Amino acid sequence: MLPHFYEAVLDLVIKTSTDLPPDVRAAMKTALTNEPPGTQSAQALTIIAENIDQAAEGEGAICQDTGMPTFEIKAPAGANQIWMAEQIRNAIAEATRRGKLRPNSVDSITGKNSGNNLGPGTPVIHFEQWDQDSIEVKLLLKGGGCENCNAQYSVPCELAHLGRADRDLEGVRKCILHAVWQAQGKGCSPGVVGVCIGGDRAAGYLHAKAQLFRLLTDVNPDPRLASLEASVMGRVNELGIGTMGFGGQTTLIGCKVGALNRLPACFFVSVAYDCWAFRRLGVVLDGRDASIREWQYRDPAHPSLPMIDQAGFTRTGREVALTTPIDEAAIRSLKVGDVVLISGLIYTGRDSVHSYLMKHEPPVDLKGGVLYHCGPVILKDGDGWKMMAAGPTTSAREEPYQGEVIRRYGVRAVIGKGGMGAKTLEALRSAGAVYLSAIGGAAQFYARCVEKVEGVSLSEFGVPEALWHLRVRDFPCIVTMDSHGGSLHKDVEVESGSRLKMMV
Ligand code: SF4
């Protein structure tokens, strides 16, 4: 047997969830440098940078959506894959118990969370044999917000703003640009795309995801694909989508393309979109005892340099302080672009809570209240609770419900990420409410704004989906949809659409 295999995998899982690799840090540092200070993207990037440092220092999850654990393993012939898979499942359950991973595995029929990240299809484990005596274990943690931004095109096809995409590399380039434009800030931009040209639908997505294991700084060994990657990266940041879709200089930090043979009748372009919290690491294990021989993507002998060398998120003095419950006049005075600092009691609510509120009265008084689209990582701590990670989740999923919830229960502010649609915008206008963007993935930064977890309702929905009562102080957000019909998300989508048109 391999006595160190379990502890090596547990170490890998914890490091992947908490310490962003150097190539991603470098790309995010460049993004921060390129953004003019004072812009919304610059503010967001400062929070992201501070969050990356906090996660590494405190060994906390970089993002509360710790994602689908996907393992790619290469092992010598004869290695016991059944045993290794069992050890991997044990390590995943232990990392979840320690709060390094959020319980993320949900029964698709009953909606019940397994609580330990185990279940059919979770974690994903792929084995391959190789002719070396060592074992390579790579892990990707990719969350739901960016997973929902994946796209698959069957070309030839017509694309908004870009016209026809043909079965050639120019058609592929159009598909990639379209996928990035379509994602806007919903996948927590700046993102990275892994792309597969060809294959069948299933193999295409798999191969696209496999590209995400490449280093951001590598050069594709196929000169045709290297040129395609360079051509995408040469133009894509002109879209101006920016960090979290706030508008800005950096929309994408990497584009990695692979190709598979296809059937003559099919031509798929599969795009796997990953967020700035681009978490993947690997280890090479000794084939005799599975001790770690080497870390991939990072070198423990050279610890990662901090992202922020000065104070981090600093106040300008123009922030608007709001304390819950909030009255209508205070909300009506806010405009898109204002930065607010929320204090008081707020409530989390995402998919299950919104669906519940369509049929039942809320278990708490939401009048004048703030609803936070967040699926936190929280551990039981004696009689109370310990907040481990608390960033926002993608708001677009609540679009069918949000307007009605705001009107029915008098909610004054919704915090989330990625923006919401026309129905919500109209409800904000008529009811006097605002949509506030928090910075996606900044789970440690926002966890530190939570003074106390005061209670929980609807705990039967599981940790991420329950309605948590959070006492917060100076919780910073940006008004991106106001009560006067203003929407930064709508403006950036229209403007980036017209820039997309110029890229053909
Ligand atoms: S950073 Fe955003 S998209 Fe990425 S895992 Fe976190 S919430 Fe999801």
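Preceding this section is the structure that the text describes.
As a starting point, this report considers the structure included with it. Quick caveat: nothing in here was measured; it's all calculated off a predicted structure.

Examining the site of the ligand
Part 1 of the argument: The environment of the ligand is formed by 13 residues, the closest being Cys63, Cys146, Cys188, Cys275 and Arg279.
Part 2 of the argument: Assessed atom by atom at 2 Å from the grid points, the ligand resides in the largest cavity.
Part 3 of the argument: Taken together, the residues of the shell around the ligand sort by class into six nonpolar, four polar and three charged.

Some thoughts on the nonpolar core
Part 1 of the argument: One finds Phe71, Tyr153, Ile415, Tyr446 and Phe475 to be the most contacted residues of the largest nonpolar core, which totals 133 residues.
Part 2 of the argument: Broken down by element, the residue count for this core peaks at eight residues, all from helix α6 (residues 169-183).
Part 3 of the argument: Aside from chain neighbours lying at most four places away, what touches Phe475 is Val340, Leu341, Ile342, Tyr372, Ile415, Ala438, Tyr446 and Cys449.
Part 4 of the argument: Ranked by size, the runner-up nonpolar core spans 19 residues in total, among them Tyr409, Val411, Ala433 and Leu458.

Observations regarding empty space enclosed by the protein
Part 1 of the argument: Tallying each qualifying case throughout the model produces two cavities of 30 Å³ or more.
Part 2 of the argument: Computed from the structure, the largest cavity encloses a volume of approximately 130 Å³.
Part 3 of the argument: Among the elements that make up the lining of the largest cavity, the one with the highest residue count is helix α5 (residues 144-147) (three residues).
Part 4 of the argument: The residue inventory of the lining of the largest cavity, partitioned by class, reads seven nonpolar, nine polar and four charged.

Digging into the environment of Ala202
Part 1 of the argument: Counting through the fold element by element, Ala202 comes out in helix α7 (residues 201-210).
Part 2 of the argument: Placed 68 residues apart in sequence, Ala202 and Ser270 show a C-alpha to C-alpha distance of 9.4 Å.

Structural notes on the pattern of salt bridges
Part 1 of the argument: Applying the stated criterion to the full structure yields 33 salt bridges.
Part 2 of the argument: Measuring nitrogen to oxygen at the nearest pair gives 2.6 Å for the salt bridge that ties Arg164 to Asp166.
Part 3 of the argument: Here Asp166 falls in the partly exposed class, since its relative accessible area comes to 29%.
Part 4 of the argument: When salt bridges with common partners are traced through the structure, they connect Asp19, Arg25, Asp53 and Arg298 into a single cluster.

A word on the sheet that holds strand β2 (residues 124-130)
Part 1 of the argument: Reading across from one edge, β2-β1-β3-β10-β11 is the order of the five strands in this open sheet, with mixed pairing throughout. A strand with exactly one partner marks an edge of an open sheet, and here the two such strands are β2 and β11 (292-296). Averaged over all pairs of adjacent strands, the angle between their axes in this sheet comes to 15°, without regard to strand direction.
Part 2 of the argument: When strand β3 (residues 135-142) meets strand β10 (residues 279-285), the two strands line up antiparallel, connected through seven bridges. The residue bridging Lys138 from the neighbouring strand is Gly282, located in β10.
Part 3 of the argument: Packing against the sheet, helix α1 (residues 5-18) makes contact with β1 (68-76), β3, β10 and β11, and its axis sits at approximately 155° to β10.

Topic: the layout of surface pockets
Part 1 of the argument: Empty space within the largest pocket amounts to approximately 790 Å³.
Part 2 of the argument: What lines the largest pocket is a set of 35 residues, and nearest its centre among them are Asn104, Ser105, Val106, Gly144 and Arg350.
Part 3 of the argument: For the lining of the largest pocket, the secondary structure elements donating two or more residues are β1, α5 and α10 (351-357).
Part 4 of the argument: When residues in the lining of the largest pocket are grouped by element, the largest group, three residues, is from α5.

What about the packing of aromatic side chains?
Part 1 of the argument: Taken as a whole and judged by the stated rule, the model has six aromatic pairs.
Part 2 of the argument: Between Phe5 and Trp83, the ring centres sit 5.8 Å apart and the planes meet at 45°, which makes this aromatic pair tilted. With Phe5 in helix α1 and Trp83 in helix α4 (residues 81-97), the pair connects residues that are 78 residues apart, well separated along the chain.
Part 3 of the argument: Here the aromatic rings of Tyr446 and Phe475 are separated by 4.6 Å at their centres, their planes lie at 25°, and the arrangement is stacked. Of the two residues, Tyr446 sits in helix α13 (residues 443-447) while Phe475 sits in strand β20 (residues 467-481), which places them 29 residues apart along the sequence.
Part 4 of the argument: Classification of Phe475 by relative accessible area gives buried; the value is 1%.
Part 5 of the argument: An aromatic cluster is built from Tyr372, Phe445, Tyr446 and Phe475, whose rings are joined through pairwise contacts.

Rules behind the numbers
Residues numbered from 1 in each chain as written. Predicted model: local features only at pLDDT ≥ 70, side-chain atom pairs only at ≥ 80, totals over all residues. Heavy atoms only, no water. Near = heavy atom within 4 Å. 1 Å grid on protein atoms, 1.4 Å probe; cavity = no way out; pocket = protein on both sides within 12 Å on 5 of 7 lines; lining within 4 Å. Sits in = over half its atoms within 2 Å of the grid points. Nonpolar A, V, L, I, M, F, W, Y, C, P; charged D, E, K, R; others polar. Core = buried A, V, L, I, M, F, W, Y, C linked by side-chain atoms within 4.5 Å. Buried < 20%, exposed > 50% of the residue type's maximum accessible area, 1.4 Å probe, protein only. Helix = DSSP H or I, 4+ residues; strand = E, 2+ residues; numbered from the N terminus. Contact = heavy atoms within 4.5 Å. Points joined across faces, edges and corners; volume = space filled by probe spheres on them. Salt bridge = Lys/Arg side-chain N within 4 Å of Asp/Glu carboxyl O. Pairing = 2+ DSSP bridges. Axes fitted to C-alpha atoms, helices over the stretch in contact; angles between N-to-C directions. Phe/Tyr/Trp six-rings, centres within 6.5 Å; stacked < 30°, edge-to-face > 60°.

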